[in-house]
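If you want the building blocks of each chain, they are given just below.
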Amino acid sequence: MAEINQLSPGLWHISLPFQGEQGVVGAYVLTGQNAVGQTDLVLIDPGPETTAQALLTALREGGWDSAQVTHILITHIHLDHSGGVGTLLHSMPRANVFVHALGAPHLSDPARLIQSAARIYGERMQTLWGKIEPIHADHIQVINDGTRLPIAGRELQVYHTPGHASHHVIFYDHDTRELFAGDVAGVRLEGIDYVRPPTPPPDVDLEGWSRSIDLIASLQPAVLYLAHFGAEKETTHLLEELRLRLFEWGELVLQGLRDHKDEATIIADLIGHVEPELQQRAGGDPDVSIRYDLTANYKMTVQGYIRYWQKQHPERLV
Ligand SMILES: [Zn+2]
């Protein structure tokens, strides 16, 4: 079962039951009148196919008709954010899907996206993500840095925020200072003061990510709406801790590569570095590690950094 919470006027948050866990993957719902007096029903990052039925049920329970969904906004095309969109569109014939130009081709032809995810998740692909259906180009609307979206009685501005993914964008409401952050502001689960940098291959970019953190900070948002998970009002603290940890973990992986360690050893080093602090901040709750791992596991994290160092900074490997 999904859980629905209202966050502010016209805005709700749905917790999707991902692999049986609440509070790890969420979607946002916006409603309001558009400029010509029609009602917009907007989803942001509606999640993977494995939670699509739960999302449809949650919409019904919230009193919304999925056939009336007008917009689906995608912060980036990773499967936990948008893998289910092709399937959802069967129930949302009116919806247009808004995605950055660099991500759009992978929605209409997901073959390379599936291939790249399969390298990370292997035989767990089906269990985690289910079916990944292509999205017909007629439903796709390309957005870029600076695009303004007048929807649901608001104006959301698109900012290109690479770092976690080359095509990642955020959606910012300048009037209410609410910022839909996707994954670029990190992973911070509810009830714990700990932000994890999600660094999957193939296009983690530390310099780009740091610039994106600067950009988000310069907007002075009142609240960050994280995909994993929920509202965060301590925005400065979160962003600074994210930046510190992003580079700290990067240095740990780099050192491992310079010492000619193999991937498994570097993963073990990272776990040894992270888990004591995470457990301490979690007050000893063992479930917290499992839930953080569902959003960004250590193997994926290390693989993303290794690829980054090898591709972007081969000079630092020697
Ligand atoms: Zn992601």
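On a predicted model such as this, the values are computed, not experimentally measured, just so you know.

Cut-offs applied
Residues numbered from 1 in each chain as written. Predicted model: local features only at pLDDT ≥ 70, side-chain atom pairs only at ≥ 80, totals over all residues. Heavy atoms only, no water. Donors = N, O, S within 2.8 Å, 3.2 Å for Na, K, Ca; no water. Tetrahedral: all angles 85-135°; square planar, octahedral: opposite > 155°, others 65-115°. Buried < 20%, exposed > 50% of the residue type's maximum accessible area, 1.4 Å probe, protein only. Salt bridge = Lys/Arg side-chain N within 4 Å of Asp/Glu carboxyl O. Helix = DSSP H or I, 4+ residues; strand = E, 2+ residues; numbered from the N terminus.

Asks: Before we go on, may I ask you to explain the coordination of the zinc ion in this structure?
Replies: Each pair of donors in an ideal four-coordinate tetrahedral metal site encloses 109.5 degrees, whereas pairs in an ideal six-coordinate octahedral site enclose 90 or 180 degrees. Taken together, the protein ligands of the zinc ion are His76 (NE2), His78 (ND1), His164 (NE2) and Asp183 (OD), with distances of 2.1 to 2.5 Å. Note that the zinc ion binds four donor atoms; their angles at the metal cover 88 to 174°, and the shape is irregular. Considered as a linear motif, the donors of the zinc ion on their single chain read H-x1-H-x85-H-x18-D. Since its relative accessible area comes to 0%, His76 is described here as buried. Residue classification places His78 among the buried positions, given a relative accessible area of 16%.

Asks: Help me understand the pattern of salt bridges in this model?
Replies: Pairing is possible between side chains of opposite charge, provided their charged atoms come close. In this structure the tally under the stated criterion is 16 salt bridges. Here Glu251 ties to Arg316 by a salt bridge, and the two come within 3.6 Å at their closest N and O atoms. Of this pair, Glu251 sits in helix α8 (residues 235-258) while Arg316 is found in the segment after α11 (298-312), placing the two residues 65 residues apart along the sequence. Between Glu277 and Arg281 there is a salt bridge; the shortest N-O distance is 2.8 Å. Remark: Arg281 and Glu277 occur in helix α9 (residues 263-281); sequence separation between them is four residues, near one turn of the helix. On the basis of relative accessibility, which here comes to 30%, the residue Arg281 falls in the partly exposed class.

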